[in-house]
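One-letter residues, chain by chain:
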Amino acid sequence: MFKPKTLLLAFIAGFIATLVFHQGLLQLLHLAGTVPVAAWNMDPAPPLGVPKVISLAFWGGLWGIALWALIRKRNGLAHWLLAIVLGALLPSLVAWFVVFPIKGIALSSSLVVGALILNGAWGLGVALCMRLFEKRA
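Attention here is on the structure that accompanies the text.

Cut-offs used in this document
- Residues numbered from 1 in each chain as written.
- Predicted model: local features only at pLDDT ≥ 70, side-chain atom pairs only at ≥ 80, totals over all residues.
- Heavy atoms only, no water.
- Helix = DSSP H or I, 4+ residues; strand = E, 2+ residues; numbered from the N terminus.
- Buried < 20%, exposed > 50% of the residue type's maximum accessible area, 1.4 Å probe, protein only.
- Contact = heavy atoms within 4.5 Å.
- Areas by Shrake-Rupley, 256 points an atom, 1.4 Å probe, with all protein chains shown as cover.
- Salt bridge = Lys/Arg side-chain N within 4 Å of Asp/Glu carboxyl O.
- Core = buried A, V, L, I, M, F, W, Y, C linked by side-chain atoms within 4.5 Å.

## Concerning the overall build of the protein chain
So, step 1. Assigned secondary structure in the protein chain consists of 4 helices and 2 strands.
So, step 2. Order of helices (α) and strands (β) in the protein chain, N terminus to C terminus: α-β-β-α-α-α.
So, step 3. Within the span of the protein chain, comprising 137 residues, buried residues form 33% of the whole.
So, step 4. The contacts in the protein chain between residues at least 6 apart in sequence include a share of 66% that link residues at least 24 apart.
So, step 5. Of the accessible surface of the protein chain, which amounts to about 8,100 Å², a share of 74% is contributed by carbon and sulfur atoms.

## Overview of the pattern of salt bridges
So, step 1. Scanning the entire structure with this criterion turns up 1 salt bridge.
So, step 2. A salt bridge links E134 to R131; the nearest nitrogen and oxygen atoms lie 2.9 Å apart. Of this pair, E134 and R131 both sit in helix α4 (residues 109-136), separated by 3 residues, roughly a single helical turn.
So, step 3. By relative accessible area, E134 is classed as partly exposed at 39%.
So, step 4. Note on R131: relative accessible area 17%, which makes it buried.

## Description of the nonpolar core
Nonpolar side chains in soluble globular proteins tend to end up buried together.
So, step 1. In this structure, A13, L67, W68, I71, W122, V126 and M130 are the most contacted members of the largest nonpolar core, which totals 14 residues.
So, step 2. Looking at this core, the elements with two or more residues in it are α1 (4-31), α2 (52-71), α3 (76-103) and α4.
So, step 3. For this core, the element with the highest residue contribution is α4, accounting for 5 residues.
So, step 4. If we skip the residues at most four places from it in the chain, V126 touches A13, G14, A17, G64 and L67.

Rendered as C-alpha cells:
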C-alpha cells in the first residue's frame, strides 16, 4: 500500500500536526477563555509516564497514517475538505465511543464541539505537512 518512507512521513505529519495545529489551537482557545485546559500538557501519561502531549502526538502520528491513506489521491478542494472532515470525525468518534468510556469521561456538548474543531485543525495540518513533504521529495 505505502512505501516505508510514506508511512514514516505520514506518521511525522500526524505527530507535527498534533503539536502545532491541534495543540496550538487548543492554546489559543485557552488564552481566549473558551476552554479550561492549556495545551502541551507535560504531566505523565500512564502506563509509560511519557508526557501526555507526547502520547497524544504519538496517537496523532498513527492517525496521520490512516488519514493520509484516505485523502492522498484527492486533489484540489476535495483533498483539503476531506482532510478537515475526516480529521474531525474519525479520531473524535473513537475518542467519544472508545476512549472516553474507558477513562470514565462523560460526553458533553462542549467535548463534542471541541473535539471536532481541534481534530479538524489537526486533519488540515496533516494534509498541509504531507503536501510540504511531497514538494521537498
